[in-house]
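Examining the three-dimensional arrangement
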Amino acid sequence: MYSSVDVIWTLIGAALVFFMQAGFALCEAGMTRAKNTGNIIMKNLMDFSIGTPAYWLVGFGIMFGGSGALIGGFDPFIRGDYDFGSLPVLCYVIFQTVFCATAATIVSGSMAERTNFKAYCLYSAMISLFVYPVSGHWIWGGGWLSSLGFHDFAGSTAVHMVGGTAACVGASILGPRIGKYDKNGKVHAIPGHNLTAAALGVFILWFCWFGFNGASTVAMSTDADMLSASRIFMNTNMSAAVATCVVMVFTWLRYKKPDVSMSLNGALAGLVAITAGCDLVTTTGAFIIGVCAGFAVVLSVEFFDKIKIDDPVGAISVHGVCGAMGTILTGLFAEADGSGLFYGGGFHFLGVQILGVVSVIAWVAITMFIIFKVIDKLVGLRVPAQVEIEGLDYHEHGLVSAYSGFNITDLSTSMEVNSNTDLGEDDYEKASEAQKNASVKVVRTENTELATGMYKVTIVAKPSRYDKLKNALNELGVTGMTVTQVMGCGIQKGAGERYRGVEVDVNVLPKIKIEVIVGNISVDKVIETAKKALYTGHIGDGKIFVYAVQKVIKVRTGEENFAALNDVE
């Protein structure tokens, strides 16, 4: 007899787990560069779209089509006779399908910004057809780990560590992104382009995790089911919240400021770590697991940076490291059945948990290494350097920009900085003592052949000083000006900042460029007025450039020079 309550509960859970694809897409897109946004979205879309038929054709049978120790069976199109209790077969199939897609999509973030799209599609098919189902059978399909008593309630190992291990293998074979490390091995930060999208992705994932963990009871018709689901919800939320707090405080102490992107990873780390034992641990156990996950994800991100495995979004650390850690910690904190070491269960259960983690890592690492190497030989795993530099959106998908109508460009790697912005130090030494003491530097370029008495004054400054500067120039009598929003930095190369614990080498900052042509007003008065309006005494106050103007023509009237500058009719 089917249970309507159980079926509804499980199908709602399946829908929530499916919606995690949106969370992963936003999180990964936000933590990578704008020129690869379309590629990230496409990979997350295809993980689910390729994984669904692949799992239906082969994967589900391998996972649940028999009771063999190593493999289930071969049941194309799921035609066998299955008994999933109060659930129809297809209800259970769709619930397991979304879990399979989750494991597959974890890899897209770690291999972001340099992977051949054809190669990625082949990988996505293979993990859903074979790799994930085999280890899934060991754990959830009645395989050898299940018979030993291995416990992974909702997939810290079966889903997340499988994806994290595959991500580590793929990223190590691919090699780091261009510019990630210099020739001396120093790590260079490559900031993501949209933390707002990344944050929204994390909030979506956190929300959907209640379905990921909670609905893994696949039942809600008895008091015991309701008590179990309540415990799971509470533990899931506690671990995520505590891990986020730990990462915030830890990075605050370690990097002098709380790191935003790392804190977002902290929330995911806590969610991943609690997934294995959310049904067995107490709220206190969930708290401790969250604390451990918070420290682990920060140290793990730093570790993989040091060994030159470039993971743009931290997927290896979040899903691989914290998935393994959470599974092992279940062996310590499992209270509901008394199997945890700290609750009198002895070392046997802990040993089984460790054995399971090591075995699944070995299985995934070996098979994925072979698969990635074969794919590399067939179609090439990595895109050419020029494609990587210009962006996968354009070359892989014919997409000029994922942000049509907006100019979002990674200036730190694609813009050739104009050296003229830092010229003038020699001239500045010759300037007056008052000018030398001011933070605003003055550069004059004069040519006696062009001495017309008209000057172009270009002022580059902070956007926050625009209103004060505009009002001061207006009071002086300067009414005509051209204002442009630009990006740039001086010799200080922007303010010293860190991204995921790595110092940002060159940080071009938002600036405004104001250009005025003066003739009837003293250029020195314009300079002094601008200096007073812009001066704060801090780095980044701006620069003023003065150029001689040879000729000015008013298009409407044909007037020239001083007459063209005079707006009075």
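Now for the overall build of the chain. Along the chain, the regular secondary structure elements total 20 helices and 7 strands. Out of the 569 residues in the chain, the part that is buried amounts to 53%. Accessible surface computed for the chain: about 24800 Å², of which carbon and sulfur atoms make up 62%.

So, about the nonpolar core. Generally speaking, a soluble globular protein has its nonpolar side chains buried in company with each other. One finds F60, Y123, Y132 and M368 to be the most contacted residues of the largest nonpolar core, which totals 119 residues. Here this core takes 12 residues from helix α3 (residues 89-110), the largest share from any one element. Each residue touching M368, except ones within four places of it in the same chain, is listed here: Y123, V131, A166 and V169. V457, V478, V516 and I544 belong to the second-largest nonpolar core, a separate cluster that totals 19 residues.

For the rest of this paragraph, the subject is the side chain of D310. The residue D310 is located in the loop between α10 (283-306) and α11 (315-333) in this model. For D310, the side chain forms a polar contact with the side chain of R177, separated by 2.7 Å. Those residues in contact with D310 that sit more than four places away from it in its chain are S110, R114, A171, P176, R177, K180 and Y181.

On to the environment of T102. The residue T102 is located in helix α3 in this model. For T102, a relative accessible area of 0% corresponds to the buried category. Between the alpha carbons of T102 and F48 there is a distance of 8.0 Å; along the sequence they are 54 residues apart. Not counting the four nearest positions on each side in its chain, T102 is found in contact with V17, Q21, F24, V159, H160 and F212.

The subject of this paragraph is the packing of helix α7 (residues 195-214) against helix α8 (residues 223-255). The geometry of α7 relative to α8 is characterised by a closest axis approach of 9 Å and an angle of 140 degrees between their N-to-C directions. Viewed along their axes, α7 and α8 adopt a mutual orientation that is oblique. Of the two elements, α7 crosses α8, and the hand of that crossing is right-handed. Here W206, W209, F210, N213 and G214 of α7 come into contact with α8, specifically with I232, F233, T236, N237, A240, A241 and T244. For the contact of α7 with α8, the per-class residue count stands at 7 nonpolar, 5 polar and no charged.

Remark: the centre distance and the inter-plane angle together describe each pair of aromatic rings, the angle taken between the planes. A complete count under the given rule lists 25 aromatic pairs for this structure. Measuring from ring centre to ring centre gives 4.9 Å for F95 and F99, while their planes differ by 50 degrees; the resulting arrangement is tilted. Taken together, the positions of F95 and F99, both in helix α3 and 4 residues apart, correspond to about one turn of that helix. Per residue, the accessibility class of F95 equals that of F99, and both read buried. Both rings, one in W209 and one in F212, keep their centres 5.5 Å apart while their planes meet at 45 degrees; by these two values the pair is tilted.

This paragraph deals with the pattern of salt bridges. Per the counting criterion, the structure on display carries 11 salt bridges. Here K180 and D305 are joined by a salt bridge, their closest N and O atoms 3.8 Å apart. Here K180, found in the loop between α6 (156-174) and α7, pairs with D305, found in helix α10; they are 125 residues apart in sequence, far enough to count as distant. Each member of the pair, K180 as well as D305, carries the same accessibility label: buried. Taken together, the shared-partner salt bridges connect R33, E113, R177 and D310 into one network.

On to empty space enclosed by the protein. Following the criterion strictly, the structure yields 3 cavities of 30 Å³ or more and no others. Taken as a whole, the largest cavity spans an internal volume of roughly 150 Å³. Breaking the lining of the largest cavity down by element, the ones donating at least two residues are α10 and α11. Examining the composition of the lining of the largest cavity, we find that 3 residues originate from one element, α10, more than from any other. Considered as a void within the structure, the second largest cavity measures approximately 90 Å³ in volume. For the second largest cavity, the full set of lining residues is F24, C27, E28, I106, L205, N265, L268, V313, G314, A315, V318 and H319. Elements with a contribution of two residues or more to the lining of the second largest cavity: α1 (4-30), α9 (260-274) and α11. Looking at side-chain class alone, the lining of the second largest cavity contains 8 nonpolar, 3 polar and 1 charged residues.

On to the confidence of the model for the chain. Summing up the model confidence of the chain, the mean pLDDT is 90 and the portion of residues at 70 or higher is 90%. Segment residues 411-442 is flagged for pLDDT under 50; beyond a separation of four residues in sequence, or across chains, it makes 49 contacts in the model. Here residues 445-449 scores under 50 on pLDDT; set against residues more than four positions off or in separate chains, the count is 4 contacts.

Definitions and limits used
Residues numbered from 1 in each chain as written. Predicted model: local features only at pLDDT ≥ 70, side-chain atom pairs only at ≥ 80, totals over all residues. Heavy atoms only, no water. Helix = DSSP H or I, 4+ residues; strand = E, 2+ residues; numbered from the N terminus. Buried < 20%, exposed > 50% of the residue type's maximum accessible area, 1.4 Å probe, protein only. Areas by Shrake-Rupley, 256 points an atom, 1.4 Å probe, with all protein chains shown as cover. Core = buried A, V, L, I, M, F, W, Y, C linked by side-chain atoms within 4.5 Å. Contact = heavy atoms within 4.5 Å. Polar contact = N/O pair within 3.5 Å; in protein donor to acceptor, adjacent residues only side chain to side chain. Axes fitted to C-alpha atoms, helices over the stretch in contact; angles between N-to-C directions. Parallel < 35°, antiparallel > 145°, perpendicular 65-115°, else oblique. Left-handed = near helix turned anticlockwise from the far one by under 90°. Nonpolar A, V, L, I, M, F, W, Y, C, P; charged D, E, K, R; others polar. Phe/Tyr/Trp six-rings, centres within 6.5 Å; stacked < 30°, edge-to-face > 60°. Salt bridge = Lys/Arg side-chain N within 4 Å of Asp/Glu carboxyl O. 1 Å grid on protein atoms, 1.4 Å probe; cavity = no way out; pocket = protein on both sides within 12 Å on 5 of 7 lines; lining within 4 Å. Points joined across faces, edges and corners; volume = space filled by probe spheres on them. pLDDT = per-residue confidence, 0-100.

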